[in-house]
Amino acid sequence: MDDIKLEEKTVEENTELAVAEQPSAIANIWANDAAWKMAVQRVKVLAQSDLVPDNYKNKPANCMIAMDIANRKGMSPLMVMQNLYVVKGKPSWSGQYCINAVNSCGQFSRLEFVKILDDKGGIKGYMARATDLRTGKLCEGAPVTWDMVKGEGWLDKPGSKWKTMPDQMFQYRAAAFFVRTHCPEVLDGLYTKDEMNDVYGYDEKKEPVVINV
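Read on for a plain summary of the structure.

Cut-offs applied
Residues numbered from 1 in each chain as written. Predicted model: local features only at pLDDT ≥ 70, side-chain atom pairs only at ≥ 80, totals over all residues. Heavy atoms only, no water. Phe/Tyr/Trp six-rings, centres within 6.5 Å; stacked < 30°, edge-to-face > 60°. Helix = DSSP H or I, 4+ residues; strand = E, 2+ residues; numbered from the N terminus. Lys NZ or Arg CZ within 6 Å of the ring centre and 35° of its normal. Salt bridge = Lys/Arg side-chain N within 4 Å of Asp/Glu carboxyl O. Buried < 20%, exposed > 50% of the residue type's maximum accessible area, 1.4 Å probe, protein only. Disulfide = S-S within 2.5 Å. Expected span 1.5 Å × (residues − 1). Contact = heavy atoms within 4.5 Å.

### Overview of the packing of aromatic side chains
- Throughout the structure, instances matching the rule amount to eight aromatic pairs.
- Between the aromatic rings of W146 and W162, the centroid separation amounts to 6.2 Å while the plane-to-plane angle is 65 degrees, which identifies the pairing as edge-to-face. Residue W146 is located in helix α7 (residues 146–151), and its partner W162 is located in the loop between α7 and α8 (166–182); the two are separated by 16 residues in the primary sequence.
- Among the aromatic residues, ring-to-ring pairing joins Y126, W146, W154, W162 and F170 into one connected group.
- The positively charged end of R173 is found above the aromatic ring belonging to W154, 4.0 Å away from the centroid.
- K193 extends its terminal NZ or CZ atom over the ring of Y85, reaching a point 4.1 Å from the ring centre.

### Overview of the pattern of salt bridges
- Following the criterion strictly, the structure yields eight salt bridges and no others.
- Across the pair K73 and D188 runs a salt bridge whose closest N-O atoms are separated by 3.8 Å. Taken as a pair, K73 in helix α4 (residues 60–73) and D188 in the loop between α8 and α9 (193–200) lie far apart in primary sequence, 115 residues in all.
- Among the residues examined, K73 registers a relative accessible area of 24% and is labelled partly exposed.
- Overall, the relative accessible area of 34% leaves D188 in the partly exposed class.
- When salt bridges that share partners are traced, they join D68, R72, K73 and D188 into one network.

### As for the state of the cysteines
- This model, assessed by the stated rule, comprises zero disulfides.
- Summary of cysteine pairing: C183 is not part of a disulfide, and the nearest cysteine sulfur, belonging to C105, is at 5.4 Å.

### Some details on α8
- Between its first and last C-alpha atoms α8 spans 24 Å; for 17 residues at 1.5 Å apiece the expected length is 24 Å, and the two agree.
- Where α8 is concerned, the buried positions are M169, F170, Y172, R173, A174, A175, A176, F177, F178 and V179.

### Description of α4
- Between its terminal C-alpha atoms α4 stretches 20 Å, which fits the 20 Å expected from 14 residues at 1.5 Å a residue.
- Within α4 the residues assigned to the buried category are C63, M64, A66, M67, D68, I69 and A70.
- Where the residues of α4 are buried, they touch α3 (33–48), α5 (77–83), β1 (84–87) and β2 (90–93).
- Downstream of α4 by one or two residues, G74 has phi in the positive range, about 70 degrees.

Structure below.
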């Protein structure tokens with residue numbers, strides 16, 4: 001009788017594990033107890049790793065959020081951690097990820113950045129565009145211009161990168177505009193890090209304090 005009970009318990013444990021390993025269960029760790037228990041063990045390992053960014057180091061709760069996003073998007077948790085930042089308490093994708101998300105989603109050709117020139121041949125702004133592979137239609141995002149940058153106050157935000165790396169910032173913002181119009185689902189409704197910084201400003205770098213004894 002004891003052997004039968006032991007066998008039933010083993011079968012139950014194996015079934016629980018099998019359920020947790022199903023993609024649908026993993027993708028919903030908040031509603032599946034077996035998947036939750038497995039996720040808790042995994043985030044402990046991630047939080048202890050020296051390879052994860054500071055936002056996740058020794059912070060298993062943050063790692064759990066990253067794992068949830070990774071499971072829903074079919075990505076590696078480490079890739080999410082390397083591209084998901086926290087700006088003023090809000091999760092935000094990196095500009096690089098925004099571009100990569102469009103290029104790898106399979107719906108469009110590779111994102112192309114077009115310079116918008118003024119009458120004198122100077123760079124007035126940028127626009128992102130790509131071809132919809134299903135319809136063959138050329139899709140364009142809203143243009144990002146210097147007039148917009150200055151008018152929205154992005155240039156004067158504390159720590160603004162628009163003053164030091166404008167071309168890169170134009171491309172990141174143009175990519176974000178393209179995504180908002182044509183494939184918002186690739187960012188899961190989150191903003192990019194650069195968008196958040198343009199609105200709230202950059203965190204000031206804290207200088208190390210030297211104490212002489």
